[in-house]
Amino acid sequence: MEKSQSSQHETVQSIQPFYKRLNISIESASAILTWFLVSGSALYFMMKSTQISGTQSAVAAGLFVSYLVFWLLLTRQAEYKNEKPIRFGLLLATLINVIAIYFAVPFVYTAIFMIIWSGALPYFMKAKTAFLISPLWSCALYFVYEFYWGFNGMAISALLFWTFNLFALVMVNTAMKEKENREKVEMINLELLSAQQLLGQAAEQAERVRIARNIHDLLGHHLTALTINLQVAGRQIQQLEVPSSSES
């Protein structure tokens, strides 16, 4: 029986998604999968191209790996010793890394890395501020591929990728607000449960006090009655003793 249960437990663990066994969120898993597909396909096409040297492909591979490292460090759950300076430093390093990829890889779809980077911005600044300055990093795509690589029609492509960046900002910001609202609701529920427990304890205490008062009053009445009865009995005894002493 124990062997069958252990085998079933192992089967359930093997069925679980790989990212859950590694304690990785679904957002991080999807971003890593996107990174793998984009970087893998770009390297594949670069190595197949006769116009791109092996050195350029190696530089691109290094930039892809460094981007993943920076992004994982940027989005990790554990806090750093100097939290804000390190996070902003990683944010800037990841941005520079993406722009370096633009110069190393002649494929416009590598701008997907910038969209992933944009999804992290609501954690570091207000969404309104990110919306206002979003054209700055979106213009990098246009300038690099229009003037460095000599691609035509980059204005439309840059505009489209800018809207994708805005979409990522909106979605992440909405998810953050929903999470905050859920946490507020959970906090209110905890406060209500605590209040209910306090009210229950207060009601129990009031019931104990009421019972104690009833017992006190009941005992007081009995003691008073006993005292009166004792006084009456004492007087009756005195009255009986008086005639007997006069007869003698």
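Structural data are supplied above this passage.
This report concerns the structure included in the present document. Residue positions within a chain follow its written sequence, with the count starting from 1. A pLDDT threshold of at least 70 governs which residues receive local features in this predicted model, and a stricter bar of 80 or more applies before side-chain atom pairs are shown or counted, although totals over entire chains, interfaces and linings include all residues. To obtain the side-chain values, all non-hydrogen atoms of the structure were used and water was disregarded.

### Topic: the packing of aromatic side chains
Line of reasoning, step 1. A pair of aromatic rings is counted whenever rings of Phe, Tyr or Trp (Trp by its six-membered ring) have centres within 6.5 Å, and the orientation is called stacked for planes under 30 degrees apart, edge-to-face for over 60 and tilted otherwise. According to the stated counting rule, one finds 15 aromatic pairs in the structure shown.
Line of reasoning, step 2. Ring geometry for Phe 45 against Phe 107: centres 6.1 Å apart, planes inclined by 70°, an arrangement best described as edge-to-face. Here Phe 45 is found in helix α3 (residues 26–48), whereas its partner Phe 107 is found in the loop between α5 (83–104) and α6 (112–118), with 62 residues between them in sequence.
Line of reasoning, step 3. Note on exposure labels: buried denotes an accessible area under 20% of the residue type's maximum, exposed denotes more than 50%, and partly exposed covers the range between, all computed with a 1.4 Å probe on protein chains only. By relative accessible area, which is 42% here, Phe 45 ends up partly exposed.
Line of reasoning, step 4. Between the aromatic rings of Trp 117 and Trp 137, the centroid separation amounts to 5.1 Å while the plane-to-plane angle is 80°, which identifies the pairing as edge-to-face. Placement of Trp 117 in helix α6 and of Trp 137 in helix α7 (residues 127–148) is noted, with a sequence separation of 20 residues between them. In this structure, Trp 117 and Trp 137 share a single accessibility class: buried.
Line of reasoning, step 5. Through a chain of ring-to-ring contacts, three or more aromatic side chains come together here, namely Tyr 44, Phe 45, Phe 107 and Tyr 109.
Line of reasoning, step 6. Placement of a charge over a ring requires the Lys NZ or Arg CZ to be within 6 Å of the ring centre, with the centre-to-atom vector within 35 degrees of the ring normal. The ring of Tyr 80 carries the charged tip of Arg 76 above its face, separated from the ring centre by 3.8 Å. Secondary structure counts use DSSP, requiring at least four H or I residues in a row for a helix and at least two E residues in a row for a strand, with both numbered from the N terminus.

### Focus: the pattern of salt bridges
Line of reasoning, step 1. A carboxyl oxygen of Asp or Glu within 4 Å of a side-chain nitrogen of Lys or Arg is what we treat as a salt bridge. Under the counting rule described, the total for this entry stands at 3 salt bridges.
Line of reasoning, step 2. The closest approach of N and O atoms between Glu 204 and Arg 208, which form a salt bridge, is 3.9 Å. Pair noted here: Glu 204 and Arg 208 are both in helix α8 (residues 154–247), with a separation of 4 residues, about one helical turn.
Line of reasoning, step 3. Across the pair Glu 207 and Arg 210 runs a salt bridge, and its minimum N-O distance is 2.4 Å. With Glu 207 and Arg 210 both in helix α8 and 3 residues apart, the pair spans about one turn of that helix.
Line of reasoning, step 4. Exposure remark for Glu 207: the relative accessible area of 35% places this residue in the partly exposed category.
Line of reasoning, step 5. Overall, the relative accessible area of 42% leaves Arg 210 in the partly exposed class.

### Here we look at the packing of α3 against helix α4 (residues 54–74)
Line of reasoning, step 1. Think of each axis as a best-fit line through the C-alpha atoms, taken over the contacting stretch in the case of a helix, with angles from 0 to 180 degrees between the N-to-C directions. Running from amino to carboxyl end, α3 crosses α4 at an angle of 175°, the nearest separation of the two axes being 10 Å. Classed by the angle they form, the pair α3 and α4 counts as roughly antiparallel. The segment α3 lies against α4, with Ser 28, Ala 31, Ile 32, Trp 35, Ser 39, Ala 42, Leu 43, Met 46 and Met 47 engaging Gln 56, Ser 57, Ala 60, Ala 61, Phe 64, Val 65, Tyr 67, Leu 68, Trp 71 and Leu 72.
Line of reasoning, step 2. In this classification, Asp, Glu, Lys and Arg are treated as charged, Ala, Val, Leu, Ile, Met, Phe, Trp, Tyr, Cys and Pro as nonpolar, and every other residue, Gly included, as polar. Here the residues of the contact of α3 with α4 sort into 15 nonpolar, 4 polar and no charged. Should an angle lie under 35 degrees it is considered roughly parallel, over 145 roughly antiparallel, and from 65 to 115 roughly perpendicular; all remaining angles are considered oblique. In what follows, residue pairs with any heavy atoms lying within 4.5 Å of each other are defined as contacts.

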